[in-house]
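Read off the chains here:
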Amino acid sequence: MKEKISTTLIIRRIIQVIAFILIPGLFASSLNAIQSIIMMLVNMQLNASQLLGDLLLLAVTIIPTIIFGRYFCGYFCSFGLMQDVFSTIGKYTIKFKKRIPKSIDHILKYMKYVVLGGLIVLWVFHIDYGKGPWEVFANYLSLSSWKDLSSFMTWGGFVLILVIISSLFYERVFCRYLCPMGAIYALLSPMYFFEKYKPTEKCRSCKLCSMTCPMQIDLCKDVITSGECIECQRCIYVCPRDNISLKPDKHIVTAASTAAIASLYYAGTILPATLPTSSTITSQAASANLKDGTYTGSGQGFRGTTSVKVVVSNKKISSITVTSYQDDEQYFSRAKTSIINAVLSSQSTDVDTVSGATYSSQGLIEAIKNALNETSSSNATTPDDQIQSSDDNQTQDNDTSSNDASLDFSNLKDGTYTGNGQGFRGTISSSVVVKNGKVTSITITSYQDDDQFFNCAKSSVINSIISNQSLNVDAVSGATFSSNGIKESVSNALGMTYTNTNSSTEGNHHKGYHHDYH
C-alpha cells in the first residue's frame, strides 16, 4: 500500500531542502561543539565566551529534541536528507528494499554509542583521526570543492561512499547505526513531552506502520516512545485506519518544533555574529618590532581565501578587520569574533582555533600572520615555538624548493611507501600511496611538532602536493618548519632529493621503505 501524500509530508521535504541550503553543516557544528566542551573540561581551561557559544549551538538541537523529539533528524539534518535522496533513487531504480533482520538491527543500533565513545577517547587523547564522513560531506556542498576529490581518499570519504551505496538499499543506515549525534538524541528523546498513540484494539495488525518506518522501529504498541523515532510521521499517513495520532495535534507540534529550531539557531549562531567585535586589549604583550601602519594579508580557509586588514598603532595591534572570506557564514562567524578577540588580547597570533570552525580559524590566523609579517623583515610576530635562534631559521620566502622542476613527480612506481622528515620538534613520518604513476594519498603516521602548527600545515601542504603532483609547493606561513618536514618525509618516501631548510638533511639520504605493490 502506497503512502498517502499529505500536507505535512510535503512541508517536511520543503523544510529539509531549505535547511540543506541555509544550514547544511549544523550536524557537524553540533558535534564539534560537544568536542570543544569536553576538551575544555578535560584540560580544565574554561573559556567563558567559547563555552557560551558552544552551549548555544547545542541548544539549537538538544532543547527541541527534549521537548518535541528528534525533529532535527527528520526535518533539518542535511546528512539525513542525503540518505533520503539516495534511498528514493534506489526505490525507483534498483527496486530492492529489504528489512534488516530484527535481531541484527537491534544489535547494530548500539554501534552509534560505540562510535560516540570512540570519538570521545580520540578527543581526550588528542589523536588526529582526520576527516569524518560528515566533514567530507560538508566539504563537497559547494560546486567549487569538486575540483579536488582528495577528501574521498580519506577514511571519512570511504565511509561516506559506503553510506551512499547502502542508502540505495536501506533507509537511514547512518542515522540508525553510526551517527554519534544520533546516539545523544536517542538518549534524550524519550524524555520529550509529546507521544504517538496507537490503540491496539483498533489495529488490524497489518504492520504497515512498522514496515514503512525508515528507522525500522517496531510500532506494535499503544504508546510509541522510541528514542530512535525521527518524527517523519510516515507511520501516521500510511495507516489505512488513521489509527495513529500525535498529541497535541501533529501540525501544531511540527510548527512549534520548526519555530524552536529556527529561533534557537538564530540566537546561537547568527545573532552573535552581528554583534560588534571588541577591540579592547586586556593584556599588552611586548611587540617592539611591529611598525605602525595598516597591513593586509590573506590565508586559506575551508572554501577559499580569507583576507584581513590589520592596524598597528604605538607598536601594538589595535584593530583587525575581515575584508573578505569565502567560508560558510555559520562557521566563519564562530571563528571571527573568538580569534580576533584572542589576538588583540594576547597581542599574538599564537591562539587556539575554535572547535567547530577549525579551518575557518586557521585561515583567519594565517591571514593575520601574513599581514603582520609585512611589518618587519625579521618576521617578529611569528609565534615563539616556531622560531629557531640559530641561522637555520628559514621562512617560506627562502624555501629552496621554489620553482624547482626536479621536484615534480615522474616515473613513480605503484605501491605504498614510508619516509621521514625533520620537523620543528622532531621527526615527521608519512605513508605515501602511488597508484597509476601518481601520488593518490599521503597519511601522516606520526609527528612531534605542536598540534596547532602541524595541523595548520598538514592539510594545506598535503592537498597541494597531491593536486600539483609535485613537492614544489609553498610552505604554510607560521608553520614553515612543519611544512618543510612534511615535504621532506614525502620526498624521503619516494626516494627524491629535497633540501629541507630545517636542517642539512636531504631527502635522498634515506630511501623510502617499500611496503607493497598494487
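Described in the following lines is the structure provided in the data block.

What counts, and where the lines are drawn
- Residue positions are given per chain, counted from 1 along the sequence in the order it is written.
- Residue-level local features of this predicted model are given only where pLDDT is at least 70; pairs of side-chain atoms are given and counted only at 80 or more, and the full residue set underlies all totals for whole chains, interfaces and linings.
- Side-chain measures were taken over the full set of non-hydrogen atoms in the model, leaving aside hydrogen atoms and water.
- Helix numbers and strand numbers start at the N terminus; a helix is a DSSP run of H or I with at least 4 residues, a strand a run of E with at least 2.
- Note on classification: 1.4 Å probe, protein chains only; a residue is buried when its accessible area is under 20% of the maximum for its type, exposed when over 50%, partly exposed between these limits.
- Per-residue and other accessible areas follow the Shrake-Rupley method at a 1.4 Å probe size, with only the shown protein chains counted as cover for residues.
- Here, the term nonpolar core denotes a set of buried Ala, Val, Leu, Ile, Met, Phe, Trp, Tyr and Cys residues that are joined through side-chain atoms within 4.5 Å.
- Cysteine sulfur pairs qualify as disulfides if the two atoms are within 2.5 Å.
- All axes here are fitted lines through C-alpha atoms, helices being fitted over the stretch that makes contact, and every angle between N-to-C directions spans 0 to 180 degrees.
- Angle categories: roughly parallel below 35 degrees, roughly antiparallel above 145, roughly perpendicular from 65 to 115, and oblique for all the rest.
- Pairs of residues are marked as contacts when any of their non-hydrogen atoms sit within 4.5 Å.
- Classes in brief: Ala, Val, Leu, Ile, Met, Phe, Trp, Tyr, Cys and Pro nonpolar; Asp, Glu, Lys and Arg charged; the others, Gly included, polar.
- Strand pairing follows a simple DSSP-based rule, namely that at least 2 bridges must link the two strands.
- Should a side-chain nitrogen of Lys or Arg be within 4 Å of a carboxyl oxygen of Asp or Glu, the pair is scored as a salt bridge.

Turning our eyes to something else, we now look at the overall build of the chain. Counting secondary structure elements, the chain contains 18 helices and 10 strands. Split into buried and exposed, the 518 residues of the chain put 51% on the buried side. Of the roughly 23800 Å² of accessible surface on the chain, a fraction of 58% belongs to carbon and sulfur atoms.

Counting residues in hydrophobic clusters, the biggest one holds 62 residues, and the most contacted among them are Phe27, Phe72, Phe76, Phe79, Trp123, Trp134 and Met181. For this core, the element with the highest residue contribution is helix α2 (residues 26-43), accounting for nine residues. By size, the runner-up hydrophobic cluster in this structure holds 28 residues, among which are Leu412, Ile444, Val461 and Leu494.

A few words now on the state of the cysteines. Here the structure, examined in full by the defined rule, presents zero disulfides. Cys229 takes part in no disulfide bond, and the closest cysteine sulfur to it belongs to Cys235, at a distance of 6.4 Å. The structure places no disulfide on Cys235, whose sulfur is separated from the nearest cysteine sulfur, that of Cys232, by 6.4 Å.

We now examine the packing of helix α5 (residues 78-93) against helix α9 (residues 155-167). Packing of α5 against α9 leaves a shortest axis separation of 7 Å and a crossing angle of 45°. As judged from the angle between their axes, α5 and α9 are oblique. Each of Phe79, Met82, Gln83, Phe86 and Ser87 in α5 lies in contact with α9, whose residues at this interface are Leu160, Val163, Ile164 and Ser167. For the contact of α5 with α9, the residue count by class is six nonpolar, three polar and no charged.

Let's shift gears to the sheet that holds strand β4 (residues 293-300). Strand order across the open sheet formed by three strands is β4-β5-β6, with antiparallel pairing between neighbours. Pairing within the sheet leaves two strands with one partner each, and these edge strands are β4 and β6 (316-324). The average angle at which neighbouring strand axes cross in this sheet is 25°, direction not considered. Of the pairings in the sheet, the one linking β4 to strand β5 (residues 305-313) comprises eight bridges and is antiparallel in character. Note on β5: the bridge partner recorded for Gly293 is Val312. Against the sheet, helix α16 (residues 358-373) engages β4, β5 and β6, with an angle of about 145° to β4.

Turning next to the environment of Thr353. Relative to the helices and strands, Thr353 resides in the loop between α15 (329-346) and α16. Residues contacting Thr353, with those up to four places away along its chain left out, are Ile339, Thr358, Ser361, Gln362 and Ile365.

Enumeration over the complete set of coordinates arrives at nine salt bridges. A salt bridge links Asp105 to Arg176, with the shortest nitrogen-to-oxygen separation between them at 3.4 Å. Remark: Arg176 occurs in helix α10 (residues 173-177) and Asp105 occurs in helix α6 (residues 102-108); sequence separation between them is 71 residues. Each member of the pair, Asp105 as well as Arg176, carries the same accessibility label: buried. With a shortest N-O distance of 3.0 Å, Lys112 and Glu228 are connected by a salt bridge. You can see Lys112 sitting in helix α7 (residues 111-124) and its partner Glu228 sitting in the loop between β2 (223-224) and α13 (234-238), a full 116 residues away along the chain. The same class applies to Lys112 as to Glu228, namely buried.

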